[in-house]
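Descriptive analysis of the structure
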Amino acid sequence: MDALVAKADAIKPLFKKRKTAHDARPKAGPSKKPSHNPTTTSVSQHTALPRSLRPSSPPPEDAKKYNHIHNKKLRTQLTRQSTQNARAKKLVKDAELLLTEDAGLMEVEGELEKTWRVGQDEIMGAAGQQAAQGRQEWKLDGGPYRTRYTRNGRHLAVVGKKGHVATFDWQAGTLHTELQLGETCRDITFLQDHSHFAVAQKKYVFIYDRDGVELHKLKSHIEPTRLEFLPYHWLLVSVGNAGYLKYQDTSTGQLVVEHRTKLGACHTMCQNPHNAVIHLGHQNGTVTLWTPNLPHPAVRLLAHLGPVASVSVDPSTGGRYMATAGEDGTVKVWDCRNWKGAVRTWNSRGGNAILDWSQKGALGVATGGSVNVYTKPSIQTPFAAVVPPPLYLTHPIPHRPLTSLRFCPFQDILTIGHSAGVSGILVPGSGEPNFDSSEADPFENKKARREREVKNLLDKVQPDAITLDPDFIGSLAPTPKLTTAVNSSHDIPYARLPRHERLRVSGRADETEDGDNDAVGNDEDDDGQKKRPLTKADKEKKKMRGKNKSLKRYLRKQRKNVIDPRAVAVRAKLEKEREQRRKAQAIASGAEQPHKPSALDRFKRPS
């Protein structure tokens, strides 16, 4: 409507006055005012910037203040960042109006009806034509199979234990590549997008491109069993039968770090998408959490009495909940914020269970010959009894064993890998309906994919930034307790001083070129007792003691012919404390009498 009003205001007369030579002559007098654009003027009358985006708008009330920081430039920068964050939080409420789609679960009419009684045929009949494409059956001969989706959920990769590898666009039905490697393959994962993928083969990890051409052979990854890719750090993570966890930077090709788990062969691994921490499940029933900057596990948890069969982290809650399944037949949900016991525990039929969380918090459990799906909030509510939570959906799979379970991003599809191939079932409400095209766009073209790859490479996060608490990055360091401040004035922290400065402040540095002060004129020790007088030979011997040490030579070179008031003040403070201790010892032993207060003490100058 504003555009129509702007055009209406900008309409000019149809017939213009014809210019003549007489009109073209310059007229005497003051010059005319510069002509204005009527379109711009009319638009400015009907439009205005939002108040939150105006540069002169006052900062929000909940913006954090940094008045305690002495550096003006740093204080201004932090205040600007906190103001922008506070404004962004307010704008999120306005952005919710654009998210018109909502995830809907199946609902029943009466209490006697149950959602788990609804079969896949009924769901396909009620779903749309495009959504019904996810219900597919691929019969393959190289099983059992494992599957992996790209981040946007458009492309699917399958790998069989006998060496059958294939990647394809499951929505368009376009096959990218199909390989028969002829050796044992244990896992597969896409890298930054569907143009590259890595396969954990019998002895090493191999990287292939979209056309199936072998690009790299990673000999440092020996006998890998599981693979994971950290998209924001460009790290390929592998764990194998040797028990080593290795991080490979795919942008530079360097092996960042390798950790020895010391817990034997590992066949279970997953990543926390919130903080990029790797979760490993071991044969002794423990679950360990690893980061590249720690040589030991950040968290060690005894989860099961037997080997851990599967581990998965909930992406819908920011990595707060973790689900584990063991060969003892139990499934447990843990709270990653406190680790004070399992939130919920129940027994699964059929032994080893395979787990996976969806984007909306639905937990899929594949065990025995069926796949069960549980939804929130029942699986995250603390419950003491060992009772299964309310079942949302179930589907029988006659082909055993079930080896893989993957929810498709941005789709209500659950893909199951088994001995006879790959099956896809519909799980209403499991996928995220609204996607961020800057993060993962299911409809991106070749140009958008290239731009996103370059942008992600420029924004790559360093491995040292991986921590259990990602909010730690960017926070201010606490004020150190040990400082060199004199009279409570702001100064450099004691821990940041060089070594010779710390020695000089503490009074242990050699400030004189000759050592006569130590040999002459110091006939009393700290306790006030007389020492044996030194002979001339002892004085000469002590004079050159330690003068030729490397530290002494270094301190002599670094010494300056100035008097540091900070060092003098600290040394005087230490001397005063030493004198107070001497007096206290003398009074305790009876050698001196304690000082009696007098009325004239008020006129005494403070020392």
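From a predicted model like this one, the values you see are computed outputs, not experimental measurements.

1. Considering the overall build of the chain
Counting its secondary structure elements, the chain contains 11 helices and 28 strands. Per-residue burial over the chain gives 38% buried out of 607 residues. Taking the contacts inside the chain whose residues are at least 6 apart along the sequence as the reference set, 47% of them involve residues at least 24 apart.

2. Description of the nonpolar core
Counting residues in hydrophobic clusters, the biggest one holds 28 residues, and the most contacted among them are Val-371, Leu-414 and Val-427. Taken together, the elements giving at least two residues each to this core come down to strand S2 (145-149), strand S3 (155-160), strand S4 (164-169), strand S24 (370-374), strand S26 (402-407), strand S27 (413-418) and strand S28 (421-426).

3. Focus on the sheet that holds strand S7 (residues 196-201)
The antiparallel open sheet is built from 4 strands, whose spatial order is S6-S7-S8-S9. For this open sheet the edge positions go to strand S6 (185-190) and strand S9 (214-218), each flanked by a neighbour on one side alone. Averaged over all adjacent pairs, the angle separating strand axes in this sheet is 20°, with direction ignored. In the sheet, strand S8 (residues 205-209) pairs with S9 via 4 bridges, with the strands oriented antiparallel. Of the residues in S9, the one forming a bridge with Ile-207 is His-216.

4. Details of the UniProt feature "repeat: WD" (unreviewed entry) in the chain
Cross-referencing UniProt, the feature "repeat: WD" (unreviewed entry) maps to residues 301-335 in the present numbering. Across residues 301-335, helical content stands at 0% and strand content at 57%; the span's end C-alpha atoms are separated by 12 Å.

5. Considering the packing of aromatic side chains
Inspection of every chain in the model, using the stated rule, returns 6 aromatic pairs. One aromatic cluster is present, built from ring pairs that chain together Phe-197, Phe-206 and Tyr-208.

6. What about the environment of Gly-182?
Mapped onto the secondary structure, Gly-182 falls in the loop between strand S5 (174-180) and S6. The exposed category is assigned to Gly-182, whose relative accessible area is 69%. Residues Gly-182 and Gln-201, spaced 19 residues apart in sequence, show a C-alpha to C-alpha distance of 9.9 Å. Setting aside chain neighbours within four positions, we find Gly-182 in contact with Lys-162 and Gly-163.

7. Looking at unusual backbone geometry
Both trends apply: most residues other than glycine have a negative phi, and most peptide bonds are in trans. A cis geometry characterises the amide bond from Gly-143 onward to Pro-144, with omega recorded as 0°. The backbone of Glu-223 sits at a positive phi, close to 50°, despite the residue not being glycine. Checked against the element boundaries, Glu-223 lands in the loop between S9 and strand S10 (224-230). Despite not being glycine, Phe-410 shows a phi value in the positive range, around 60°. With respect to the element layout, Phe-410 can be found in the loop between S26 and S27.

8. Looking at the pattern of salt bridges
Applying the stated criterion to the full structure yields 17 salt bridges. Of the charged contacts, one joins Glu-439 and Arg-151 as a salt bridge, the two residues approaching to 3.1 Å between their closest N and O atoms. Of the two residues, Glu-439 is situated in the loop between S28 and helix H6 (446-458) and Arg-151 in the loop between S2 and S3; the sequence distance between them amounts to 288 residues. The exposure class of Arg-151 is partly exposed, given its relative accessible area of 32%.

What counts and how
Residues numbered from 1 in each chain as written. Predicted model: local features only at pLDDT ≥ 70, side-chain atom pairs only at ≥ 80, totals over all residues. Heavy atoms only, no water. Helix = DSSP H or I, 4+ residues; strand = E, 2+ residues; numbered from the N terminus. Buried < 20%, exposed > 50% of the residue type's maximum accessible area, 1.4 Å probe, protein only. Contact = heavy atoms within 4.5 Å. Core = buried A, V, L, I, M, F, W, Y, C linked by side-chain atoms within 4.5 Å. Pairing = 2+ DSSP bridges. Axes fitted to C-alpha atoms, helices over the stretch in contact; angles between N-to-C directions. UniProt positions renumbered as here; feature names shortened; annotations may be inferred. Phe/Tyr/Trp six-rings, centres within 6.5 Å; stacked < 30°, edge-to-face > 60°. Salt bridge = Lys/Arg side-chain N within 4 Å of Asp/Glu carboxyl O.

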